Amino acid sequence: MLNNIAEVEHITKDYTAAEQHYREALRIAEKVEFREGVANYTGNLASLALDRGDWPEAEARARKALDLAEKLGHYELVASDCLRIAKALAGQRRSAEGVPFARRSVKILTSLRSPELATGKEALRECGDTLRSLGLECITQDRLDAAEKALLESMAIYRELEDDLATAGIQINLGEAYRVMEDQFEKARNAYEEALLAARAC
């Protein structure tokens, strides 16, 4: 009951009341050793921290919830917690660390044929978008090796999502990076050609 009340308060953005009720629900679940409830309510507190933009708190809560969910073998909770971790890491500009969690979530949600799959894919896309932005920032700072790494990771994500248009955009970005790197003109040409092919597939 307390968790249900907290969820309504969370949805209506009464975060202070929601936190109070989530914490009370968690306290009771721990007292009666309701392990699934402990995992679930810990994850809900992580979600609340995400909505507040408290990324470190969200990450810590979600990692704890993930550990609990894994011990229970509750894959739906595992998928949700992986998503929360990916989002929390992205909020801290650590998207590369979040990619494995987002990928794991998508894999589980796909196997479960969950209606939450679209949410999982969106979190994975956010990781790709953040990595792309990081890559472009590295180009302007002349940190070209770092730019290449971030852009290649981003492109791998877009390909997994079968997004030809975004893949074409990344190939253009890679071409820009290679064009200013020493002795990488061939790579630049190949990147532009791949961009053209990807664009034609749209």
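Computed from a predicted structure; not experimentally measured. (Residues numbered from 1 in each chain as written. Predicted model: local features only at pLDDT ≥ 70, side-chain atom pairs only at ≥ 80, totals over all residues. Heavy atoms only, no water.)

Enquirer: How would you sum up the confidence of the model for the protein? Please name residues and give values.
Expert: Per-residue confidence for the protein averages 90 on the pLDDT scale, and 95% of its residues sit at or above 70. Element-level mean pLDDT values for the protein span from 70 in helix α10 (residues 185–200) up to 98 in helix α4 (residues 55–72). (pLDDT = per-residue confidence, 0-100. Helix = DSSP H or I, 4+ residues; strand = E, 2+ residues; numbered from the N terminus.)

Enquirer: Now, about unusual backbone geometry: what can you tell me, with residues and values included?
Expert: Phi is positive for Asp142, which is not a glycine, with a value near 65°. Examined against the element boundaries, Asp142 turns out to sit in the loop between α7 (117–140) and α8 (144–160). For Glu162, which is not a glycine, the phi torsion comes out positive at approximately 55°. Summarising the element assignment, Glu162 is placed in the loop between α8 and α9 (164–180).

Enquirer: How would you summarise the side chain of Asn3 if you had to cite specific residues and measurements?
Expert: Within the fold, Asn3 resides in helix α1 (residues 2–11). Ignoring sequence-local partners within four residues, the contact set of Asn3 consists of Tyr22, Ala25, Asn40, Tyr41 and Asn44. (Contact = heavy atoms within 4.5 Å.)

Enquirer: Any chance you could break down the layout of surface pockets for me, citing the residues and the numbers?
Expert: As a volume, the largest pocket reaches approximately 320 Å³. Forming the boundary of the largest pocket are 15 residues, of which Ser47, Leu50, Ser80, Arg84 and Lys87 lie nearest the centre. Mapped by element, the contributors of at least two residues to the lining of the largest pocket are α1, α3 (35–52) and α5 (75–91). By residue number, the principal contributor to the lining of the largest pocket is α5, which donates 5 residues. (1 Å grid on protein atoms, 1.4 Å probe; cavity = no way out; pocket = protein on both sides within 12 Å on 5 of 7 lines; lining within 4 Å. Points joined across faces, edges and corners; volume = space filled by probe spheres on them.)

Enquirer: Any details on α8? Residues and values, ideally.
Expert: With 17 residues, α8 ought to run about 24 Å at 1.5 Å a step, and its terminal C-alpha atoms sit 24 Å apart, in line with that. Of all the positions in α8, only Leu144, Ala147, Glu148, Ala150, Leu151, Ser154, Met155, Ile157 and Tyr158 are classed as buried. Trailing α8 by a residue or two, Glu162 shows a phi angle of about 55°, which is positive. (Expected span 1.5 Å × (residues − 1). Buried < 20%, exposed > 50% of the residue type's maximum accessible area, 1.4 Å probe, protein only.)

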